[in-house]
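Structural characterization, general
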Amino acid sequence: TTPGDDADPPRTAFGPAALFHFAVNERWVDRAVSGWTMSRMRRRLPPAEHPFYVHYNAALGPDMDPILMSQNRLYGHVFVLDPKGRIRFRAFGMPEEEGLEMYAAVVAELREKGGKGKR
């Protein structure tokens, strides 16, 4: 199954939206073994989710710090992008109730619009 297929869509597809697993390997040691870690992760994911799993092998640099809101790269980060690629929601670390409510509201608003409107 590829993104956009109607037949048995992967669990990461949400109508016009999709969830991507994005791993960043900033240290040279991590980049050196990224092929191994990527193949290991792909074995753990259903084949239908493989197109949604991405590795990036380079340091993000200081330009990403304001976007990530934290210099601690061990935190998980969540971004919700609109159809134009603009960040509509971002969070990191363990979710709290207020953050989950905001996340749900943004996702509901984007799903309601369904990618329609000005682009």
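Structural data are supplied above this passage.
Quick summary incoming for the structure in this document. (Residues numbered from 1 in each chain as written. Predicted model: local features only at pLDDT ≥ 70, side-chain atom pairs only at ≥ 80, totals over all residues. Heavy atoms only, no water.)

**Examining the overall build of the chain**
- Helix and strand content of the chain: four helices and six strands.
- In the chain, the succession of helices and strands from N to C terminus is β-β-β-α-α-β-α-β-β-α.
- Each of the 119 residues in the chain was classed as buried or not, and the buried ones make up 15%.
- Within the chain, residue pairs in contact and separated by at least 24 positions form 49% of the contacts whose partners lie at least 6 positions apart.
- Carbon and sulfur atoms make up 57% of the accessible area of the chain, which amounts to about 8900 Å² in all. (Helix = DSSP H or I, 4+ residues; strand = E, 2+ residues; numbered from the N terminus. Buried < 20%, exposed > 50% of the residue type's maximum accessible area, 1.4 Å probe, protein only. Contact = heavy atoms within 4.5 Å. Areas by Shrake-Rupley, 256 points an atom, 1.4 Å probe, with all protein chains shown as cover.)

**Observations concerning a nonpolar patch on the surface**
- On the surface, a nonpolar cluster with roughly 390 Å² of combined accessible area is contributed by Phe20, Phe22, Val54 and Tyr56.
- Counting through the fold element by element, Phe20 comes out in the loop between β2 (17-18) and β3 (21-24). (Patch = residues over 30% accessible without salt bridge, like charges linked within 9 Å, V, L, I, M, F, W, Y side chains within 5 Å. Salt bridge = Lys/Arg side-chain N within 4 Å of Asp/Glu carboxyl O.)

**Some remarks on the pattern of salt bridges**
- Overall, the coordinates contain three salt bridges when judged by the stated rule.
- A salt bridge links Arg86 to Asp82, with the nearest nitrogen and oxygen atoms 2.6 Å apart.
- Classification of Arg86 by relative accessible area gives partly exposed; the value is 46%.
- What you see here is one network of salt bridges that share partners, running through Arg88, Glu109 and Lys113.

**Let's talk about the pairing of strand β6 (residues 87-92)**
- Both strand β5 (residues 77-81) and β6 contribute to a ladder of five bridges, which runs antiparallel. When the sheet's bridge partners are listed, Leu81 is paired in β6 with Ile87.
- Between the antiparallel neighbours β5 and β6 lie five residues, among them Gly85 with a positive phi of about 85°. (Pairing = 2+ DSSP bridges.)

**Quick look at helix α4 (residues 97-113)**
- With 17 residues, α4 extends 25 Å from end C-alpha to end C-alpha; this agrees with the ideal 24 Å at 1.5 Å per step.
- Residue Gly114 follows α4 closely and has a positive phi angle near 60°. (Expected span 1.5 Å × (residues − 1).)

Geometric values such as these leave the question of function open.
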